[in-house]
Amino acid sequence: MQTRKKYIFITFFASWLLLFYFGGDQIKRLAFLSRKKAAVLKNWPRWTDRSLLESFADPEELQSDGGHHKQSAKARRESRINIYKHSRCRMETCFDFSRCEKHGFKVFVYPVEREDPVSESYLKIITSIEESRYYTSNPEEACLFILNIDTLDRDHLSIQYVHNINDKIQGFPLWNDGRNHLIFNLYSGTWPNYTEDLGFDIGQAILAKASFYVENFRPGFDISIPLFSKEHPQKGGERGWLYQNSVPPKKKYMLAFKGKRYLTGIGSDTRNALHHIHNGKDIISLTTCKHGKDWEKHKDTRCDKDNSDYEKFDYQELLHNSTFCIIPRGRRLGSFRFLEALQAACIPVLLSNGWELPFSEVIDWSKSAIVGDERLLLQIPSTVRCIHSDKILAFQQQTQFLWEAYFSSVEKIVQTTLEIIKDRLFHRESRPKFVWNTLPGGLLALPEYSTHLGDFPFYHLQHGSSPSGKFTAFIRAVSPVVSLSQPILKLIQAVSRSQHCAQILVLWSCEKPPPPRGRWPQTAVPLTVIHGRRKVSDRFFPYSAIGTDAVLSLDEHTSLSTSEVDFAFVVWRSFPDRIVGFPMRSHFWDSSQSQWGYTSKWTNEFSMVLTAAAFYHRYYHSLFTNSLPAGLRSLIDQLSNCEDILMNFLVSAVTKLPPIKVTQKKQHQEAAPQQVGS
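What comes next is a walk through the structure. Since this is a predicted model, take the numbers as computed values, not measurements.

Reading guide: rules and limits
Residues numbered from 1 in each chain as written. Predicted model: local features only at pLDDT ≥ 70, side-chain atom pairs only at ≥ 80, totals over all residues. Heavy atoms only, no water. Pairing = 2+ DSSP bridges. Helix = DSSP H or I, 4+ residues; strand = E, 2+ residues; numbered from the N terminus. Contact = heavy atoms within 4.5 Å. Axes fitted to C-alpha atoms, helices over the stretch in contact; angles between N-to-C directions. Salt bridge = Lys/Arg side-chain N within 4 Å of Asp/Glu carboxyl O. Buried < 20%, exposed > 50% of the residue type's maximum accessible area, 1.4 Å probe, protein only. Disulfide = S-S within 2.5 Å. Phe/Tyr/Trp six-rings, centres within 6.5 Å; stacked < 30°, edge-to-face > 60°. Lys NZ or Arg CZ within 6 Å of the ring centre and 35° of its normal. 1 Å grid on protein atoms, 1.4 Å probe; cavity = no way out; pocket = protein on both sides within 12 Å on 5 of 7 lines; lining within 4 Å. Points joined across faces, edges and corners; volume = space filled by probe spheres on them. Patch = residues over 30% accessible without salt bridge, like charges linked within 9 Å, V, L, I, M, F, W, Y side chains within 5 Å. Areas by Shrake-Rupley, 256 points an atom, 1.4 Å probe, with all protein chains shown as cover.

Considering the sheet that holds strand E9 (residues 283-288)
Move 1: Spatial ordering of the open sheet is given by E9-E8-E10-E11-E12, a layout of 5 strands whose pairing is parallel. Looking at the sheet topology across the chains shown, the edges are occupied by E9 and strand E12 (370-371).
Move 2: Relative to E12, strand E11 (residues 347-351) is paired through 2 bridges, and the arrangement is parallel. If you follow Leu350 over to E12, its bridge partner there is Val371.
Move 3: Relative to the sheet, helix H11 (residues 303-310) contacts strand E8 (253-260) and E9, its axis offset from that of E9 by approximately 120°.
Move 4: Along the sheet, helix H15 (residues 389-407) contacts strand E10 (322-328), E11 and E12; its crossing angle with E11, the most-contacted strand, is approximately 90°.

Here we look at the pattern of salt bridges
Should the charged atoms of two oppositely charged side chains come close, the side chains can pair.
Move 1: Inspection of the entire model under this criterion finds 20 salt bridges.
Move 2: The salt bridge involving Glu120 is made with Lys124; its shortest N-O contact spans 3.9 Å. Residue Glu120 and its partner Lys124 are both found in helix H7 (residues 120-130); the two are separated by 4 residues, about one turn of the helix.
Move 3: For Glu120, a relative accessible area of 49% puts it in the partly exposed group.
Move 4: In this structure, Asp309 engages Lys312 in a salt bridge whose closest nitrogen and oxygen atoms are separated by 3.3 Å.
Move 5: Residues joined by salt bridges that share partners form a network here, namely Arg133, Glu419, Lys422, Asp423, Arg431 and Glu448.

Describing the state of the cysteines
Move 1: Taken as a whole, this structure holds 4 disulfides when the rule is applied.
Move 2: A disulfide bridge connects Cys289 with Cys303, and the sulfur atoms are separated by 2.2 Å. Taking the torsion about the sulfur-sulfur bond, which here is approximately -105°, the covalent link between Cys289 and Cys303 counts as left-handed. Residue Cys289 is located in the loop between E9 and helix H10 (295-298), and its partner Cys303 is located in helix H11; the two are separated by 14 residues in the primary sequence.
Move 3: Taking relative accessible area as the criterion, Cys303 reaches 0% and is therefore assigned buried.
Move 4: The partner cysteine of Cys325 in its disulfide is Cys346, sulfur to sulfur 2.1 Å. Where Cys325 bonds to Cys346 through sulfur, the torsion about that S-S bond is close to 100°, and the disulfide is right-handed. Of this pair, Cys325 sits in strand E10 while Cys346 is found in the loop between helix H13 (337-343) and E11, placing the two residues 21 residues apart along the sequence.
Move 5: Here the cysteine-cysteine linkages of the chain are recorded as 1-2, 3-4, 5-6, 7-8, numbering only bonded cysteines and doing so in sequence order.

Brief notes about the packing of aromatic side chains
For any pair of aromatic rings, geometry is given as the distance between the ring centres together with the angle between the planes.
Move 1: In the structure shown here, the tally under the stated rule is 33 aromatic pairs.
Move 2: Centroid distance Phe471 to Phe615: 5.2 Å. Interplanar angle 85°. Geometry classified as edge-to-face. Separated by 144 residues along the polypeptide, Phe471 in strand E13 (residues 471-477) and Phe615 in strand E21 (residues 613-617) bring together distant segments of the chain.
Move 3: With relative accessibility at 0%, the residue Phe471 sits in the buried group.
Move 4: Classification of Phe615 by relative accessible area gives buried; the value is 1%.
Move 5: Among the aromatic side chains, those forming a connected cluster through ring pairs are Phe338, Trp355, Phe359, Trp365, Phe401, Tyr406, Phe407 and Trp436.
Move 6: Above the ring of Tyr310, the side-chain terminus of Lys258 is found at 4.5 Å from the ring centroid.

Overview of the pairing of strand E14 (residues 501-508)
Move 1: The buried fraction of E14 is high, at 7 of 8 residues.
Move 2: Note: E14 against strand E15 (residues 527-531), 5 bridges, orientation parallel. Paired with Ile504 across the bridge in E15 is Leu527.

Structural notes on empty space enclosed by the protein
Move 1: Using the criterion set out here, one finds 5 cavities of 30 Å³ or more in the structure.
Move 2: Size it by volume and the largest cavity reaches roughly 70 Å³.
Move 3: As for the largest cavity, its lining consists of Ala256, Phe257, Lys258, Tyr315, Leu318, Leu319, Ser322, Cys325, Ile326, Ile327, Arg337 and Ala341.
Move 4: At the level of elements, E8, helix H12 (315-320), E10 and H13 are the ones that each hand at least two residues to the lining of the largest cavity.
Move 5: In terms of residue count, the dominant contributor to the lining of the largest cavity is E10 (4 residues).

Examining a nonpolar patch on the surface
Move 1: A surface patch of nonpolar side chains, amounting to about 250 Å² of accessible area, comprises Leu632, Leu635 and Leu639.
Move 2: Checked against the element boundaries, Leu632 lands in helix H21 (residues 630-639).
Move 3: Take Leu632: its relative accessible area is 35%, and that puts it in the partly exposed class.

Quick word on the sheet that holds strand E16 (residues 550-555)
Move 1: Across the sheet, which stays open at both edges, the 7 strands sit in the order E15-E14-E13-E16-E21-E17-E22 with mixed pairing between neighbours. In the strand order of this sheet, the two ends are held by E15 and strand E22 (660-661), each with one partner.
Move 2: Pairing geometry for strand E17 (residues 580-581) and E21, over 2 bridges, is antiparallel. Paired with Gly581 across the bridge in E21 is Ala614.
Move 3: Contacts from helix H18 (residues 487-496) reach E13, E14, E15 and E16, with the element oriented near 180° to E13.

Set out below in structure tokens:
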């Protein structure tokens with residue numbers, strides 16, 4: 001027992017000697033640390049390889065953990081409280097749903113006074129709303145209100161900054177602390193911090209804003225919109241740059257950027273580091289200091305070389321020939337190049353931490369953009385190189401869909417904003433996220449028509465379903481019935497004998513009343529006469545009497561056999577999203593007349609199938625009436641013609657596909673080429 005105690009004592013003593021001999025210096029440091037914690041705990045160590053870091057960042061800057069332009073958390077919190085006094089606003093708490101119950105979703109725009117300074121961009125927004133199907137000139141009917149005060153540019157150094165907005169809006173009897181109001185904004189704050197201060201109290205209004213910070217964004221209430229330039233078209237817009245033959249998807253340059261480099265201030269960190277990934281081969285990253293009035297006062301040793309290299313590449317050429325485009329933050333989180341990259345099918349690589357992406361409530365950006373981290377810039381090249389060609393092509397195709405569906409014009413940006421708000425208000429009729437992210441997009445899938453995807457023509461094939469096996473014959477009559485040998489009566493008999501015909505509707509557009517039921521031929525299917533509608537556009541009204549997916553549109557002088565009708569219907573069931581019919585036309589540009597024309601000559605090409613004898617889905621009646629601009633419908637009513645051309649353009653715009661022509665035994669008489677004024 002004594003021997004065991006002796007060995008334990010010797011082992012314990014030897015352990016202390018070894019610890020003191022090999023770890024004495026560390027023990028002294030621990031004691032020193034306990035006495036002077038504050039002196040040792042630093043954000044960054046003292047770098048010994050100072051010379052290797054000079055080209056990337058100043059070690060003193062790293063020691064300070066941020067530049068002078070960065071706000072503390074407390075300062076950001078106080079700034080946010082001052083700007084967003086109603087930061088907890090939600091549709092349920094800050095929106096009066098009762099205003100939308102009687103008249104539905106109607107939008108009122110405050111009348112613009114002559115003395116009100118309104119920018120070109122804000123005028124485009126107002127025009128887009130006034131031309132939409134939701135506009136009302138009666139504020140009593142309105143569910144949503146838009147100010148006549150230009151709130152787009154709230155940088156107080158800008159010449160477009162509108163002063164004293166608080167005083168003006170408080171005088172509006174409809175303001176009601178911003179309740180049921182929508183405010184648009186593109187620029188907020190100013191040098192040096194560029195906060196989200198708008199310079200006035202928005203109250204309980206919904207904010208549709210570009211460069212939205214996630215921490216200030218109120219989910220389900222505010223809407224993040226893209227930053228667009230004053231040159232952005234009010235309607236229409238250019239198409240995307242990706243073509244069907246753009247295979248393989250990888251282009252000359254893997255990754256590209258060309259833009260300003262900020263030498264100081266917010267946004268300078270990321271752009272100052274972009275030159276590190278430039279290799280001059282498949283990665284082109286070019287910046288210039290040459291912007292602003294005082295750039296030479298702040299220029300550094302890199303500026304001259306950067307400015308020289310910057311001029312060697314054309315920006316448009318880089319967009320066309322790059323697979324990925326870097327979209328770094330500028331002074332604010334968003335930039336014009338985001339939309340430019342989408343149009344060019346250059347997959348955006350976003351380096352803008354904290355940015356609530358445009359329309360993120362409905363758009364799945366993971367299918368079309370790479371969301372990077374500003375702090376991990378050097379990992380971006382290896383990240384994009386790992387993406388497979390199949391996924392690159394899918395990303396590129398999705399950029400084109402998003403560009404053309406939601407971003408190619410101010411009108412589409414405004415429409416998307418309104419439709420998102422409408423879906424919130426009428427949740428039972430809202431569109432699922434699948435609809436927003438799949439052709440043809442949320443703006444062309446009207447929830448008023450149906451909330452079931454299988455009821456839309458463009459989702460049948462995607463879901464493995466088929467349209468109904470019956471059709472409704474819809475015949476437009478403009479001549480009185482005076483003889484049993486008239487073509488319309490023979491047409492009714494031929495169509496009614498089809499095994500697929502469910503009913504026949506006759507749109508009676510003649511001034512004289514329709515003949516009594518006894519004068520019409522006996523048919524095995526129900527025959528209904530609709531009268532009282534004489535406008536040409538009434539041909540494509542969404543009549544509730546149409547009870548089938550398929551509509552066979554016919555003119556009264558059309559001549560078809562039962563077998564021809566059956567064959568065309570079978571073809572249509574395989575292509576339910578297209579127009580399938582008999583008489584075709586081709587449109588062309590007549591350079592001698594400087595206008596469009598169309599011809600019925602039989603050639604190897606055609607661009608239209610006339611609705612004088614054609615199948616299409618009944619949903620296009622709803623789109624024609626509710627989605628097309630009212631001015632186009634008024635035009636064809638004035639011309640009393642060309643409604644079939646307009647329907648062809650509508651269906652092709654929705655599907656991005658041409659119509660299908662089927663053969664016919666009896667040839668239509670060729671008409672001379674006609675001219676359509678531009």
